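# A closer look at the structure
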Amino acid sequence: ARGPLRAPLLWRAMLLVCAGLLGFALFRWFPPDTWRQVPFLDNWVPRYQSTMDQVALLRGGAFAGWNWWFLGGYQISSDITQSLGVLALPFVLIAGPELGFHTLHLVLFAAVPLLVFADLRASDDREVAALAGALACLLTAGYSFSAVKSGDTNSLAGVSAAALAVLAIEAARQRRRFGPAGVALALSLAAYTHLGFFAYAVAYCGLHCLYYRDARGLLLVGAGTACAVLATLPAFWENWTLPSYFSFNNVL
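For the structure given in this document, a descriptive report is provided here. This one's a predicted model, so the numbers in the text were calculated from it and none came from an experiment. (Residues numbered from 1 in each chain as written. Predicted model: local features only at pLDDT ≥ 70, side-chain atom pairs only at ≥ 80, totals over all residues. Heavy atoms only, no water.)

Now for the overall build of the protein chain. Helix and strand counts for the protein chain come out as ten helices and two strands. What you see in the protein chain, going N to C, is helices and strands ordered as α-α-β-β-α-α-α-α-α-α-α-α. What you see for the protein chain is a C-alpha radius of gyration of 19 Å, in line with the 18 Å of a compact globule of 252 residues. Its C-alpha atoms put the protein chain at 70 × 50 × 30 Å along the principal axes. Taking all 252 residues of the protein chain together, 44% fall into the buried category. (Helix = DSSP H or I, 4+ residues; strand = E, 2+ residues; numbered from the N terminus. Rg over C-alpha atoms; globule rule 2.2 N^0.38 Å. Buried < 20%, exposed > 50% of the residue type's maximum accessible area, 1.4 Å probe, protein only.)

Here is the structure:
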């Protein structure tokens, strides 16, 4: 038998412990005294440089440009399958290039368990929400080691965008005001970040609607997908006009 207070306290304690473990892992592998440097690890330097190139374009009012420094050049829009530029823009504007780039990653690592917790907490089952949040912290703590070492963090941004989309479609099902706009925003961010995770986000939202037999939700997913396609046209237009330059590797 369980007491009325013990189980909720247990799940909350587990959530706090796992969140503390995630925080320890991040600051152990991602120490703040290095945040003004670009780590010379596997993919960090090109990831940082491509992000700053995209930020520079956005600050100038453009989404696409030309990279001259690699094999005679290619259009930057072909990198859009794995770009952090749109997400990094506000952080870079506020904190500068290096610090803003690192702060974005800290936010993305924290976003995964927070979005999972927020999604399930809305279902009024606080114990399940706390347990899922704790497990998401453990998963993110483990994933953060390989992601930080390799610099392959565009997938982390895609995971966060997909989780935000699932949270938004559930909010829309519950007739919450921010739900429909949240679906369009999350799908647009996923498309700007990583087209593979854009496909995941659309699929997960569709499965959510089928599970709840929510015909209105399916229409909303369709409308959100259309909004995301329109929102990303400034970045993708060259891929329609110069398709031979575009690689579907990451999309597939």
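On we go from here.
All right, on to the environment of L89 then. Inspection of the secondary structure assignment puts L89 in helix α3 (residues 85-95). A C-alpha to C-alpha distance of 21 Å links L89 and A181, two positions 92 residues apart in sequence. Contact partners of L89, with chain neighbours within four places excluded, come to V55, L58 and R59. (Contact = heavy atoms within 4.5 Å.)

Any empty space left between atoms is shown by rolling a water-sized probe over those atoms. If you add up the space inside the largest pocket, you get close to 270 Å³. What lines the largest pocket is a set of twelve residues, and nearest its centre among them are L195, V229, T232, F236 and W240. Those elements that provide at least two residues to the lining of the largest pocket are α8 (195-211) and α10 (233-241). At four residues, the largest contribution of residues to the lining of the largest pocket is made by α10. Its residues assigned to classes, the lining of the largest pocket shows ten nonpolar, two polar and no charged. (1 Å grid on protein atoms, 1.4 Å probe; cavity = no way out; pocket = protein on both sides within 12 Å on 5 of 7 lines; lining within 4 Å. Points joined across faces, edges and corners; volume = space filled by probe spheres on them. Nonpolar A, V, L, I, M, F, W, Y, C, P; charged D, E, K, R; others polar.)

What follows covers the pattern of salt bridges. Pairs can form between side chains of opposite charge whenever their charged atoms are close. Tallied over the full model, the rule gives one salt bridge. As a salt-bridge pair, E170 and R173 come within 3.0 Å of each other at their nearest N and O atoms. Here the residue E170 and the residue R173 both occupy positions in helix α6 (residues 154-173), the gap between them amounting to three residues, near one helical turn. Under the relative-accessibility criterion, E170 is labelled buried at 7%. (Salt bridge = Lys/Arg side-chain N within 4 Å of Asp/Glu carboxyl O.)

Among the nonpolar cores identified, the biggest contains 28 residues, and F101, L104, L108 and F109 are the most heavily contacted of them. Elements represented by at least two residues in this core include exactly α1 (6-29), α2 (44-59), α3, α4 (97-121), α5 (126-150) and α6. Here this core gets six residues from one element, more than from any other, and that element is α5. When near neighbours in sequence (up to four residues on either side) are disregarded, F109 contacts L22, L26, T140, Y143, S144, A147, V148 and L156. Among the nonpolar cores identified, the runner-up in size contains 21 residues, and A168, I169, L195 and C205 belong to it. (Core = buried A, V, L, I, M, F, W, Y, C linked by side-chain atoms within 4.5 Å.)

All right, on to the packing of helix α7 (residues 179-193) against α8 then. At a closest axis distance of 6 Å, the pairing of α7 and α8 adopts a crossing angle of 150°. It follows from the interaxial angle that α7 and α8 lie roughly antiparallel. Here α7 and α8 pass one another in a crossing that is left-handed. Contact with α7, carried on its side by L187, A190, A191 and T193, involves L195, F197, F198, A201 and V202 of α8 and no other residues of that element. Grouping the amino acids of the contact of α7 with α8 by side-chain chemistry returns eight nonpolar, one polar and no charged. (Axes fitted to C-alpha atoms, helices over the stretch in contact; angles between N-to-C directions. Parallel < 35°, antiparallel > 145°, perpendicular 65-115°, else oblique. Left-handed = near helix turned anticlockwise from the far one by under 90°.)

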